[in-house]
Amino acid sequence: MAVYLVTGAAGFIGSWLTQALVERGDTVRALDNFSTGKRENLAPLIGKFGPKQIELLEVDLRDEQAVAKACEGVEIIFHEGALPSVPLSVKDPRTSHTANINGTFNLLEGARHAKVKRVVYAASSSAYGNKNPLPQKESMLPGPLSPYAVQKLVGELYLRSYWEVYGLETVALRYFNIFGPRQAPDSPYSGVMAKFASMMLAGEQPTIHGDGEQSRDFTYIENVVQANLKAAAAPAEKVAGRMFNCACGKPYTLNETYKLMAEIIGYKNPPQYGPPREGDIKHSYADISAAREALGYDPKVDFLEGLRRTVAWYGEQYEASSWSAVRTNT
Ligand code: UD1
């Protein structure tokens, strides 16, 4: 079985990918610096599959030598490790620049020297910006607004260059607002679904930034795992050096999302509205025909089903836990 390196393996997306790989019998080197990743996302897997099948590496992507060593003996890399927040990048661009751009560069250098076969990269739909017509297609010119969007786009360009110049097979997946169980709800930079679900369950009133008419092509985690596994397995002549949208192909506004989630939870309060967030794009809506054609990608879990599963998971966490807030007003 192949040896895979997953960066950001203790994070939301990385841990689901790691799980899918070990469950089908592959060996994973799981790299994380635990800045936002959580040990408890990997501990049950290590307990079940053992340290031979999941080798945990506590490594920072900014550490060039440690990253180079982590790439040795690896066949395929899934590069999920990043500081994945638009507002964090607006507040502290240097930190997210070094993690996202230097980290990706170190990894590509490590991959090149270790003769890794393929790198599959977590790119971002934020690269499209606001200027393009909808739905967004891979052939459109990028228009990144936030430092984060620029950083993720630079990673894509580097991947493309490493394919063209060094023959390292690369595939970039532009993620469109991934959500689902394990997405951390507890930071000011958490994704909107995790925040809304945890706050509504705790009886706290979520805030919508702006008028709530911005839209997102929210994509459930299981679809993203599928896209990654297919991107790793697809023939090079179809995918190497390319970038694909990874989404469901159906946008929802934040107002709609809020309403649907509140209905499932039984939460009665309206949202509070705050000022729009700097660097926010207005609409995000993908054409996924290229991924369907080249990867055989076929998102199986639609938005509503994903929302139900996500809310159920946060509900279990809430019941079991430690969340300090008390549920009121519901
Ligand atoms: C998200 C991802 C980013 C990814 C991008 C690609 C997260 C944290 N960020 O960015 O990594 O590359 O999608 O599509 O998952 N909002 C509120 N109230 C809140 C929080 C957010 O109204 O409490 C709004 C935001 O202003 C934004 C929308 O919800 O309009 C989505 O925000 P967020 O979940 O942070 O994701 P993106 O910035 O779209």
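All values reported here derive from a predicted model rather than from experimental measurement.

**Student:** Sorry if this is basic, but what is going on with the pattern of salt bridges here?
**Tutor:** Pairing is possible between side chains that carry opposite charge, provided their charged atoms lie close to one another. Applying the stated rule across the entire model yields 21 salt bridges. Where Arg62 meets Asp60, a salt bridge forms, and the shortest distance between an N and an O atom there is 2.9 Å. Among the ionic pairs, Arg277 bridges to Asp280, the shortest N-O distance being 3.3 Å.

**Student:** So what exactly am I meant to see when it comes to the site of the ligand here?
**Tutor:** Close contacts around the ligand come from 23 residues, with Ser124, Ser125, Val192, Thr207 and Asp280 the closest. Side-chain polar atom of Ser124 to an oxygen atom of the ligand: 2.6 Å apart, as the coordinates give it. Here Gln214 contributes a side-chain N or O atom positioned 3.0 Å from an oxygen atom of the ligand. Across the complex, the protein chains shield 92% of the 730 Å² of accessible surface that the ligand would expose by itself. Of all the secondary structure elements, the ones that give two or more residues to the shell around the ligand are helix H7 (192–201) and strand E8 (207–209).

**Student:** Help me out: how do you make sense of helix H2 (residues 39–49) in this one?
**Tutor:** Counting along an α-helix, one turn takes 3.6 residues, and residues three or four places apart therefore face a common direction. For H2, every residue scored as buried is listed here: Asn41, Leu42 and Leu45. Viewed end-on, H2 has its buried residues packed into an arc of 70 degrees, placing them on one side of the element. Exposed positions of H2 whose direction lies more than 90 degrees from the buried face are Glu40, Pro44 and Gly47. Contacts made by the buried residues of H2 are with helix H1 (12–23), strand E2 (27–32) and strand E3 (54–58). Once H2 finishes, Gly50 follows within two positions and takes phi at roughly 85 degrees, a positive value.

**Student:** Just checking my understanding: could you explain the confidence of the model for the protein for this structure?
**Tutor:** A low pLDDT means the predicted coordinates there should not be read in detail. Chain-level statistics for the protein give a pLDDT mean of 96 and a share of 97% at 70 or above. Every residue in residues 324–330 is under pLDDT 50, and counting partners more than four places away or in other chains gives 19 contacts.

**Student:** Would you mind showing me how to read the sheet that holds E2 here?
**Tutor:** Strand-to-strand pairing in sheets goes through backbone hydrogen bonds, with the strands running parallel or antiparallel. Taking strand neighbours across the sheet as the criterion, the 7 strands line up as E3-E2-E1-E4-E5-E6-E11 in an open arrangement whose pairing is parallel. Looking at strand neighbours, the two that pair on one side only are E3 and strand E11 (242–246), the edges of this open sheet. In this sheet, adjacent strand axes meet at a mean angle of 20 degrees when their direction is disregarded. Bridge count between strand E5 (residues 118–124) and strand E6 (residues 169–175): 7 bridges; the pairing is parallel. Bridging across to E6, Ser124 finds its partner in Tyr175. Taken strand by strand, H1 contacts strand E1 (3–7), E2, E3, strand E4 (76–79) and E6, and its axis lies near 165 degrees from that of E1. Along the sheet, helix H3 (residues 64–71) contacts E1, E2, E3 and E4; its crossing angle with E2, the most-contacted strand, is approximately 170 degrees.

Basis of the calculations
Residues numbered from 1 in each chain as written. Predicted model: local features only at pLDDT ≥ 70, side-chain atom pairs only at ≥ 80, totals over all residues. Heavy atoms only, no water. Salt bridge = Lys/Arg side-chain N within 4 Å of Asp/Glu carboxyl O. Near = heavy atom within 4 Å. Polar contact = N/O pair within 3.5 Å; in protein donor to acceptor, adjacent residues only side chain to side chain. Areas by Shrake-Rupley, 256 points an atom, 1.4 Å probe, with all protein chains shown as cover. Helix = DSSP H or I, 4+ residues; strand = E, 2+ residues; numbered from the N terminus. Buried < 20%, exposed > 50% of the residue type's maximum accessible area, 1.4 Å probe, protein only. Arc of directions from axis to C-beta. Contact = heavy atoms within 4.5 Å. pLDDT = per-residue confidence, 0-100. Pairing = 2+ DSSP bridges. Axes fitted to C-alpha atoms, helices over the stretch in contact; angles between N-to-C directions.

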